[in-house]
Amino acid sequence: MRLPVAKAGYPFIIASGAACLFFAGWDLKWLMGISLLTFVFMIFFFRDPSREIPEGSELVVAPADGKVISVEKVKETPFVSETAWKLSIFMTVFNVHINRIPFGGTVAGVRYSPGSFIPADKQDASKQNEKNMIWIRTEDHRNICVVQVAGLIARRIICRLKGMEQVVRGERFGLICFGSRVDTYLPENAEIAVKPGDRVQGGTSIMGYLK
């Protein structure tokens with residue numbers, strides 16, 4: 001059975017749990033209390049719940065849990081020079097941080113870019129911050145891009161995808177540790193189903209439709 005905790009969280013959970021036991025053994029109660037709270041928070045942060053992915057050939061699902069902070073048209077994506085919709089989701093430390101594939105296809109490219117660590121809810125974060133960019137080509141040759149953006153606290157982006165890999169909607173592909181942002185670029189003719197301020201859930205909330 002799959003544990004409902006992301007593997008990337010094991011080192012943090014084990015370390016904080018071991019610290020709690022160590023301090024308990026030495027009867028250092030306040031340090032034990034801090035490490036116990038850290039242990040509980042790590043389990044909470046790295047939780048990886050199962051999700052029921054909605055069916056429908058045109059559906060685009062949210063790649064992350066969080067709040068939609070921007071919906072705008074842009075002149076290019078990180079991989080191709082074409083007009084696209086850019087949908088941005090901001091994740092706090094209290095959101096599930098597992099990232100999921102918004103739409104099935106073939107991974108045409110994966111590119112990492114170092115950068116700054118300004119707050120992820122700022123508009124400039126997409127350009128300035130450390131990021132990992134994923135390019136997905138659909139079966140009918142349309143382009144979708146998902147960008148994992150580090151934030152002020154987030155300092156580790158995890159992505160397991162490789163070029164030419166086949167992916168399906170709702171599939172887990174990575175996570176960002178401790179607060180961050182995910183940008184999704186959809187074709188210009190996509191029908192957008194969210195607006196700024198909406199709360200979405202990765203893998204289940206519908207962000208739009210590819211027409």
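Scroll up for the structure.
In this text, all values refer to a predicted model and were calculated from it rather than measured experimentally.

What counts, and where the lines are drawn
Residues numbered from 1 in each chain as written. Predicted model: local features only at pLDDT ≥ 70, side-chain atom pairs only at ≥ 80, totals over all residues. Heavy atoms only, no water. Disulfide = S-S within 2.5 Å. Buried < 20%, exposed > 50% of the residue type's maximum accessible area, 1.4 Å probe, protein only. Pairing = 2+ DSSP bridges. Helix = DSSP H or I, 4+ residues; strand = E, 2+ residues; numbered from the N terminus. Axes fitted to C-alpha atoms, helices over the stretch in contact; angles between N-to-C directions.

Please set out the state of the cysteines residue by residue, giving values where relevant.
Applying the stated criterion to the full structure yields 0 disulfides. Here Cys159 stays free of any disulfide, with the sulfur of Cys145 as its closest cysteine sulfur at 11 Å. By relative accessible area, Cys159 is classed as partly exposed at 25%.

I'd like a description of the sheet that holds strand β8 (residues 156–159), backed by residues and values.
Pairing in this open sheet of 3 strands is antiparallel, and the strands run β4-β10-β8 from one edge to the other. Pairing within the sheet leaves two strands with one partner each, and these edge strands are β4 (98–100) and β8. For this sheet, the mean inter-axis angle between neighbouring strands, taken without regard to orientation, is 20°. The sheet contact formed by β4 and strand β10 (residues 172–177) spans 3 bridges and is antiparallel. Residue Ile98 lies in a different strand from β10, and its bridge partner there is Leu175.

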